[in-house]
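# Observations on the three-dimensional arrangement
Below are the chains, spelled out letter by letter.
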Amino acid sequence: MKAVITVIGKDAVGILAKVSTICAENNANVIEVTQSVLQDMFAMIMLVDITNISNDFVALQDKLTALGDSLGLKIHTMHEDIFNTMHRI
């Protein structure tokens, strides 16, 4: 199972590191990352393997959302099943 994590907000040092740390603490393996900085705006998409996460998926979502709130970022975590269903033609 996989999840897609998106991060959008004002650029700052350590965003990737902080999101990755929460993933690692919850045993979610980062598979792919793409990020861009447009002037002072940061955008990142991560694909993570959640097959062996140590908590349930909602707990991981909540931790990432709380991180975003504390940093002034919007962090959205979506299970691949939801993502695939939304983007199916």
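This one's a predicted model, so the numbers in the text were calculated from it and none came from an experiment. (Residues numbered from 1 in each chain as written. Predicted model: local features only at pLDDT ≥ 70, side-chain atom pairs only at ≥ 80, totals over all residues. Heavy atoms only, no water.)

When its secondary structure is counted, the chain shows three helices and four strands. Order of helices (α) and strands (β) in the chain, N terminus to C terminus: β-α-β-β-α-β-α. In summary, the chain has a C-alpha radius of gyration of 13 Å against a globular reference of 12 Å for 89 residues, a match within 12%. Over its C-alpha atoms, taken along the principal directions, the chain stretches across nearly 35 × 35 × 20 Å. Considering only residue pairs separated by 6 or more positions, the chain has 67% of its internal contacts joining residues 24 or more positions apart. Carbon and sulfur atoms make up 57% of the accessible area of the chain, which amounts to about 5500 Å² in all. Each charge sign in the chain was given a centre, from 6 positive and 10 negative side chains, and these centres are 3 Å apart. (Helix = DSSP H or I, 4+ residues; strand = E, 2+ residues; numbered from the N terminus. Rg over C-alpha atoms; globule rule 2.2 N^0.38 Å. Contact = heavy atoms within 4.5 Å. Areas by Shrake-Rupley, 256 points an atom, 1.4 Å probe, with all protein chains shown as cover. Lys, Arg positive; Asp, Glu negative; His and termini not counted. Charge placed at Lys NZ, Arg CZ, Asp CG, Glu CD.)

On to the sheet that holds strand β2 (residues 29-38). One open sheet holds the four strands; their spatial order is β2-β3-β1-β4, and the pairing between them is antiparallel. Of all strands in the sheet, those with a lone pairing partner are β2 and β4 (73-79), marking the two edges. Ignoring which end each strand starts from, the neighbouring axes of this sheet average 10° apart. When strand β1 (residues 2-10) meets β4, the two strands line up antiparallel, connected through seven bridges. (Pairing = 2+ DSSP bridges. Axes fitted to C-alpha atoms, helices over the stretch in contact; angles between N-to-C directions.)

On to helix α2 (residues 57-71), then. Between its terminal C-alpha atoms α2 stretches 21 Å, which fits the 21 Å expected from 15 residues at 1.5 Å a residue. Three or more residues of α2 are buried, namely F57, L60, L64, L67 and G68. Taken end-on, α2 shows its buried residues confined to a sector of 100°, consistent with a single buried face. Every exposed residue of α2 that faces more than 90 degrees away from the buried side is listed here: D69 and S70. For α2, the elements touching its buried residues are β1, α1 (15-25) and β4. (Expected span 1.5 Å × (residues − 1). Buried < 20%, exposed > 50% of the residue type's maximum accessible area, 1.4 Å probe, protein only. Arc of directions from axis to C-beta.)

A full pass over the atoms with the stated rule returns one salt bridge. Across the pair K10 and D40 runs a salt bridge, and its minimum N-O distance is 2.9 Å. Placement of the pair is K10 in strand β1 and D40 in the loop between β2 and β3 (41-49), with a sequence separation of 30 residues. For K10, a relative accessible area of 52% gives the class exposed. (Salt bridge = Lys/Arg side-chain N within 4 Å of Asp/Glu carboxyl O.)

Membership of the largest hydrophobic core comes to 20 residues, with the highest contact counts inside it found for I5, V7, V19, V48, I50, L64 and I75. Sorting the residues of this core by element identifies β1, α1, β3, α2 and β4 as the ones contributing at least two each. The contact partners of I50, leaving out residues within four places of it in the chain, are M1, K2, A3, A28, F57, L60 and H79. (Core = buried A, V, L, I, M, F, W, Y, C linked by side-chain atoms within 4.5 Å.)

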